[in-house]
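Architecture at a glance
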Amino acid sequence: MSKFPSILTQFRSFYFQNKPENIEEAIEYFSVFGGMGWTVNMTDDLEEIIEQKVLTNYRYIHGDTTKITQSNKLHHALLSAIATGDRREHSAFKKAQTGRPEGEESIDFLVDNDLLDRDKPQAKPLDSKEEVSEKLLFTLPFMRFWFAAISPYYKSIKEGDYTEFTQAWKNTKPEFSNFIYERLVLELIKKNFEKTDPIQKIGSYWDSDNNLDILAKTKSGKVIAGAWKFSKAKAKKSELTKLKETCKAIDLPADIFIIFSKSGFSNELKNEKGESLRLYTLKNLNTLVQDLKSSDLIDNTNKMY
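Quick summary incoming for the structure in this document. (Residues numbered from 1 in each chain as written. Predicted model: local features only at pLDDT ≥ 70, side-chain atom pairs only at ≥ 80, totals over all residues. Heavy atoms only, no water.)

When you go through the protein residue by residue, the secondary structure sums to 13 helices and seven strands. Whereas a compact globule of 305 residues would reach a radius of gyration of roughly 19 Å, the protein reaches 20 Å, a difference of no more than 12%. Projected onto its principal axes, the C-alpha coordinates of the protein cover approximately 55 × 45 × 35 Å. Counting over 305 residues, the protein shows a buried share of 51%. In the protein, the proportion of contacts linking residues at least 24 apart, taken out of those at least 6 apart, comes to 61%. Carbon together with sulfur atoms contributes 46% to the accessible area of the protein, which is approximately 15900 Å² in total. Averaged over its 45 positive side-chain charges, the protein has a centre that lies 3 Å from the centre of its 45 negative ones. (Helix = DSSP H or I, 4+ residues; strand = E, 2+ residues; numbered from the N terminus. Rg over C-alpha atoms; globule rule 2.2 N^0.38 Å. Buried < 20%, exposed > 50% of the residue type's maximum accessible area, 1.4 Å probe, protein only. Contact = heavy atoms within 4.5 Å. Areas by Shrake-Rupley, 256 points an atom, 1.4 Å probe, with all protein chains shown as cover. Lys, Arg positive; Asp, Glu negative; His and termini not counted. Charge placed at Lys NZ, Arg CZ, Asp CG, Glu CD.)

On to the packing of aromatic side chains, then. Enumeration over the complete set of coordinates arrives at 15 aromatic pairs. When the ring of Phe-33 is compared with that of Trp-38, the centres are 6.2 Å apart and the planes differ by 55°; the resulting orientation is tilted. On the basis of relative accessibility, which here comes to 1%, the residue Phe-33 falls in the buried class. Ring-pair connections join several aromatic residues into one group, and the members of that group are Phe-33, Trp-38, Tyr-58, Phe-142, Phe-145, Trp-146, Phe-165, Trp-169 and Phe-176. Taking the ring centre of Trp-206 as reference, the NZ or CZ of Lys-135 above it sits at 4.4 Å. Between the NZ or CZ atom of Arg-144 and the centre of the ring of Phe-176, over which it lies, the distance is 4.1 Å. (Phe/Tyr/Trp six-rings, centres within 6.5 Å; stacked < 30°, edge-to-face > 60°. Lys NZ or Arg CZ within 6 Å of the ring centre and 35° of its normal.)

The next subject is the pairing of strand 4 (residues 211-218). Counted residue by residue, strand 4 has six buried out of eight residues, so it is predominantly covered. Here strand 3 (residues 199-206) runs beside strand 4; their pairing, made up of six bridges, is antiparallel. Pairing of Tyr-205 across the sheet is with Leu-212, part of strand 4. In textbook terms, the turn of a hairpin is the stretch between consecutive antiparallel strands, and for strand 3 and strand 4 this stretch comprises four residues. Here four bridges tie strand 4 to strand 5 (residues 223-229), and the two strands are oriented antiparallel to one another. Across the sheet, residue Ala-216 finds its bridge partner in strand 5, namely Ile-224. If you look at the hairpin formed by strand 4 and strand 5, you'll find four residues sitting between the two strands, and Gly-221 has a positive phi there, around 100°. (Pairing = 2+ DSSP bridges.)

What follows is about the sheet that holds strand 3. A sheet is described by the order of its strands in space; here five strands give the open sequence 3-4-5-6-7, paired in mixed fashion. Edge strands, defined here as strands with exactly one partner in the open sheet, are strand 3 and strand 7 (277-281). Averaged over neighbouring strand pairs, the angle between their axes works out to 20° when direction is ignored. For strand 6 (residues 256-261) and strand 7, the ladder comprises five bridges, and the chain directions are parallel. Counterpart to Phe-260 in the pairing with strand 7 is Tyr-280. Strands strand 3, strand 4, strand 5, strand 6 and strand 7 of the sheet are contacted by helix 11 (residues 178-193), whose axis makes an angle of about 150° with strand 3. (Axes fitted to C-alpha atoms, helices over the stretch in contact; angles between N-to-C directions.)

Given below as structure tokens:
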């Protein structure tokens, strides 16, 4: 288990410390600076803060990061592959152009040194012989940002040329926060069930053919299956149909369906809402930062740069 607090604990600390205007802004900035304990002026443009705090201090942050990674090129290649890919171990090996034995040894090192956590599917695939690759989670959001957006362009950045980074970040930024949304949606579900039927297990499901964004089991034994949608379009009834089809394909008898949509829902889907279908939107995430107090602030010893 990582020595670092959970993503929710880190997010609440970030929210208390920096006082964002809304949850969407908080998630966007937290996706970049989360876990470092830095004070961020939320009225400043995100790219301006990245340049001020990260790009101009590249050499110092790089030096501190390599103390953990031991300047190992394979460690760096795998971390960037995980930060920019689908988080599956075998995909990272392929992207980093390394064999499985060397890759697994590197992943073990990165987990042991608290840069990564392991993420396993919440149920076994129908085909018991199928080997499902586990996924990997960054323990600190900033480290994910570093290896996704900074480390791959180190040559130009260390020379003070930010052109390559700027272009790449322009393409990456629109969906970069989705990972944090995913983690917080899981926390939202746990919170919403804690008083009635606490969640015992929660995460995702995947195999070679199917993917289920949310799979959970409550104390009473109820199975929850869910999906998230982060696009600007409202979620339609087809999302529910697709979710039910996935459950059927993996032989999962779900008791409750959950859909999170950042942009809301069509009226047709809203009409389906009930005990067996729960719909969550962006505003529901606000419950995760209610009743913040000084004790939520993590006493962080990271350098401020």
